[in-house]
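# Observations on chain architecture
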Amino acid sequence: MSTATTERRSLYKAFAASLSGTSLEWYDFAVYSSAAALVFGDLFFPTSDPLTGTLQAFATYAVGYVARPLGGIVFGRLGDVIGRKKVLVATLLLIGIATFFIGLLPTHAQAGAIAPALLVFLRFVQGVGVGGEWGGAVLLSSEFSKPGERGFWASAAQVGPPLGTLMANGVLAVLAGALSEEAFLSWGWRVAFLLSAVLVAFGLFIRARLEETPVFRELEARGDRPTAPVTEVLRTQTRPLIAAILARVGPDVLYAMFAVFVLTYATKELGMTRGQAVTAVLVGSAFQVGLIPLAGWLSDKYGRRLVYGIGAVGGAIWSVVFFAMASSLATVLPGVVVGLFFHSLMYGPQAAFVSEQFTARLRYTGSSLGYTFAGIIGGAIAPLAFTYLLAKTGTGYVIAAYIIVACAITLVGLALGRAVVDDVDEIPATEGVVSPA
């Protein structure tokens, strides 16, 4: 077998491992997000005001984002020191166990205050796992690929969230449709969390059979692994880190709107059923499974920042249009699809754009820190802010203004960052701050 054929097979295996593992982890993360919007307010934070209960449920949703930097620091460091593969097995196992135990939790009616406390703790563990997952999953496929194809292959990790969201909402939709309201609230929602055990076992089987990336093997062979990667990133990679953080804010906020908060908005403000709201997100996520790798491929042809920037501008404009048109399933469904289309234009190139900001020896740590810190100021507080702003103002246009600001921040990040370069894996270890193109 030729060397080229062997390398191509390794690339396909890495793509499959990145896609499957990230999809399974995001199933775990997304099933919580949907449950927070649909049932957790009633089960764990009972109150006479439905919006207040939802606000408290989204507060635990935010905990998953706040925990991510810890995962990014711990696992990012390990990924640059001991390797990508070992860390990715650990993160998948961690988030799977946490999700399984959420399915076993007692509700507030059964255990009082200890129920939401345990929910917050397990959500925190989920966040730690996801914080360490993303950087490694991106590198798993991108470091096997050629520079001119990196946008497409790195998008494997980006397909994970919509595919995980699709699976999570699909399971919840089936359960909500097959069960009575009482049965779904009593035990039906738990099934979606307990299924995590089966899915994670499958993901572990795939990842355990994968080999280490060629870039890390080269770093290991020449003894060029960092001893204090977090400190080194903060000291020498300041501008790339800032660019990565800012570039991610817009996509995070747009996703929080059209895949998470829209469930609350559609059911509590527009009077749609849970099934209708979930259907809109399902359809939008299904389109994203194909749109994200397409956007990654387009970024290989036309540049990361161009495709990414079109998504940011389009997402900002569309948020205003959405609140002007949303009234029923007939308008919410296409509204969500288009919103997630613009999200895809940002999300597809994002993996390659962020990882290419950092030198090879610091890439896992740098990518993880950029990803996780952006999550705090982007995705973590967005559903909370949306819920609060809607309750105070009664209009969705103030939410659209919030999204516009987030997308503007992303454009600043793109301007600070550098464009793709062909020698990104050969940057000398002694290089300091990366200059933008």
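Just so you know, these numbers come straight off a predicted model, no measurement behind them.

## Some words on the overall build of the protein chain
Looking only at helices and strands, one finds 19 helices and 0 strands in the protein chain. Taken against the 2.2 N^0.38 rule, which gives 22 Å for 437 residues, the C-alpha radius of gyration of the protein chain at 21 Å falls within 12% of a compact globule. Overall size of the protein chain, expressed as C-alpha extent along the three principal axes, is 60 × 40 × 40 Å. A burial count over the protein chain gives 58% of its 437 residues as buried. Here the contacts in the protein chain between residues at least 6 apart in sequence split such that 85% fall between residues at least 24 apart. Element-wise, carbon and sulfur atoms account for 68% of the exposed surface of the protein chain, whose accessible area totals about 15,200 Å².

## Quick notes on the pattern of salt bridges
Throughout the structure, instances matching the rule amount to 13 salt bridges. When the shortest N-O distance is used, the salt bridge between Arg-84 and Glu-143 registers 2.8 Å. With Arg-84 in helix 4 (residues 84-102) and Glu-143 in the loop between helix 6 (114-142) and helix 7 (150-154), the pair connects residues that are 59 residues apart, well separated along the chain. The closest approach of N and O atoms between Arg-225 and Glu-220, which form a salt bridge, is 3.7 Å. The exposure class assigned to Arg-225 is partly exposed, which follows from its relative accessible area of 36%. Among the residues examined, Glu-220 registers a relative accessible area of 39% and is labelled partly exposed. One salt-bridge network, in which partners are shared between bridges, spans Glu-218, Arg-222, Asp-224, Glu-232 and Arg-361.

## Description of the packing of aromatic side chains
According to the stated counting rule, one finds 19 aromatic pairs in the structure shown. On the numbers, 4.6 Å between centres and 5 degrees between planes, the contact of Trp-134 with Tyr-371 is stacked. Remark: Tyr-371 occurs in helix 17 (residues 363-380) and Trp-134 occurs in helix 6; sequence separation between them is 237 residues. Taking relative accessible area as the criterion, Trp-134 reaches 2% and is therefore assigned buried. In this structure, Arg-248 packs its charged tip against the face of Trp-134, placed 5.7 Å from the ring centre.

## So, the nonpolar core
In terms of nonpolar packing, the biggest core is built from 113 residues, with Phe-40, Phe-44, Trp-189, Met-257 and Phe-386 touching the most fellow members. Broken down by element, the residue count for this core peaks at 18 residues, all from helix 13 (residues 238-269). Dropping the residues within four chain positions of it, Phe-44 is found in contact with Leu-105, Pro-106, Thr-107, His-108, Ala-115, Pro-116, Leu-119 and Trp-189.

## Examining the side chain of Arg-248
Among the secondary structure elements, Arg-248 is positioned in helix 13. When its relative accessible area of 0% is taken as the criterion, Arg-248 is described as buried. Beyond its immediate sequence surroundings of up to four residues, Arg-248 is in contact with Arg-68, Tyr-308, Tyr-347, Gln-350, Val-354, Gly-370, Tyr-371, Ala-374 and Thr-410.

## Side note on the packing of helix 8 (residues 156-178) against helix 14 (residues 274-302)
Across the interface, helix 8 lies against helix 14 with an axial gap of 8 Å and an inter-helix angle of 155 degrees. On the basis of the axis angle, helix 8 is roughly antiparallel to helix 14. For helix 8 against helix 14, the interelement crossing comes out left-handed. Contacts between helix 8 and helix 14 involve Gln-158, Val-159, Pro-162, Leu-163, Thr-165, Leu-166, Asn-169, Gly-170 and Ala-173 on the former and, on the latter, Val-278, Val-281, Leu-282, Ser-285, Ala-286, Gln-288, Val-289, Ile-292 and Pro-293. Residues that form the contact of helix 8 with helix 14 fall into these classes: 12 nonpolar, 6 polar and no charged.

## Regarding helix 17
The terminal C-alpha atoms of helix 17, which comprises 18 residues, lie 24 Å apart, in line with the 26 Å expected from a rise of 1.5 Å per residue. The sharpest bend along helix 17 measures roughly 35 degrees and falls at Ala-374. Burial runs high along helix 17: 15 of the 18 residues are buried.

## Quick notes on empty space enclosed by the protein
Going through the model one piece at a time under the given rule, you end up with 4 cavities of 30 Å³ or more. If you add up the space inside the largest cavity, you get close to 60 Å³. Every residue lining the largest cavity is listed: Trp-26, Tyr-65, Arg-68, Pro-161, Arg-248, Asp-252, Tyr-255, His-343, Tyr-347 and Tyr-371. The dominant element in the lining of the largest cavity, judged by the number of residues it contributes, is helix 13, at 3 residues.

## Observations concerning the confidence of the model for the protein chain
Taken as a whole, the protein chain shows an average pLDDT of 85; of its residues, 91% reach a score of 70 or greater. Counting interchain partners and residues more than four positions distant, the pLDDT-below-50 stretch residues 425-437 has 32 contacts.

## Focus: the side chain of Ser-23
Along the polypeptide, Ser-23 turns up in helix 1 (residues 3-44). Of the polar contacts made by the side chain of Ser-23, one reaches the backbone oxygen of Leu-19; its length is 2.6 Å. In this structure Ser-23 touches Gly-160, Leu-163, Gly-164 and Met-167, once residues within four positions along its chain are discounted.

Thresholds, definitions, all that
Numbering of residues begins from 1 in every chain and follows the order in which that chain's sequence is written. Given that the model is predicted, a residue must reach a pLDDT of at least 70 before its local features are reported, and side-chain atom pairs must reach 80 or more before they are shown or counted; all residues, however, enter totals for whole chains, interfaces and linings. No hydrogens and no water enter the side-chain calculation; it runs on all heavy atoms of the structure. Helical segments are the DSSP runs of H or I of at least four residues, strand segments are the runs of E of at least two, and each set is numbered from the N terminus. Based on C-alpha atoms, the radius of gyration is set beside the globule rule, defined as 2.2 Å times the residue count to the power 0.38. Under the scheme applied here, a residue whose accessible area is under 20% of the maximum for its type counts as buried, over 50% as exposed, and between as partly exposed, the area being computed with a 1.4 Å probe on protein chains only. Throughout, a contact is declared for two residues whenever any of their heavy atoms are within 4.5 Å. Reported accessibility uses the Shrake-Rupley method at a 1.4 Å probe radius. Residues are deemed covered only where the shown protein chains occlude them. Any carboxyl oxygen of Asp or Glu that lies within 4 Å of a side-chain nitrogen of Lys or Arg is treated as forming a salt bridge with it. Planes of paired rings set the category: under 30 degrees apart is stacked, over 60 is edge-to-face and the rest tilted, where pairs are Phe, Tyr or Trp rings (Trp by its six-membered ring) whose centres lie within 6.5 Å. Either the NZ atom of lysine or the CZ atom of arginine qualifies as a charge over a ring when it sits within 6 Å of the ring centre and within 35 degrees of the ring normal. To form a nonpolar core, buried Ala, Val, Leu, Ile, Met, Phe, Trp, Tyr and Cys residues must be joined to one another through side-chain atoms within 4.5 Å. Axes here mean lines fitted to C-alpha atoms, for a helix over just the part in contact, with angles spanning 0 to 180 degrees between N-to-C directions. Small angles under 35 degrees read as roughly parallel and large ones over 145 as roughly antiparallel, with 65 to 115 read as roughly perpendicular and the rest as oblique. Two helices that cross are described as forming a left-handed crossing if the nearer one is turned anticlockwise from the farther one by less than a right angle, and a right-handed crossing if clockwise. Any residue outside Ala, Val, Leu, Ile, Met, Phe, Trp, Tyr, Cys, Pro, Asp, Glu, Lys and Arg is labelled polar, Gly included; the first ten of those are nonpolar and the last four are charged. Given a helix with a known number of residues, its expected span is that number minus one, times 1.5 Å. We define the bend at any residue as the angle between the axes fitted to the seven residues before and including it, ending there, and the seven starting there. Grid points spaced at 1 Å over the protein atoms alone were grouped into cavities, where a 1.4 Å probe fits but cannot get out, and pockets, open sets with protein on both sides within 12 Å along at least five of seven lines, with lining residues defined by an atom within 4 Å of a point. Grid points are joined across faces, edges and corners, and a volume is the space filled by probe spheres set on the points. pLDDT is a per-residue confidence score from the predictor, ranging from 0 to 100. Think of a polar contact as two N or O atoms within 3.5 Å of one another; within protein, one of them needs to be a possible hydrogen donor and the other a possible acceptor, and neighboring residues in sequence only count if both atoms come from side chains.

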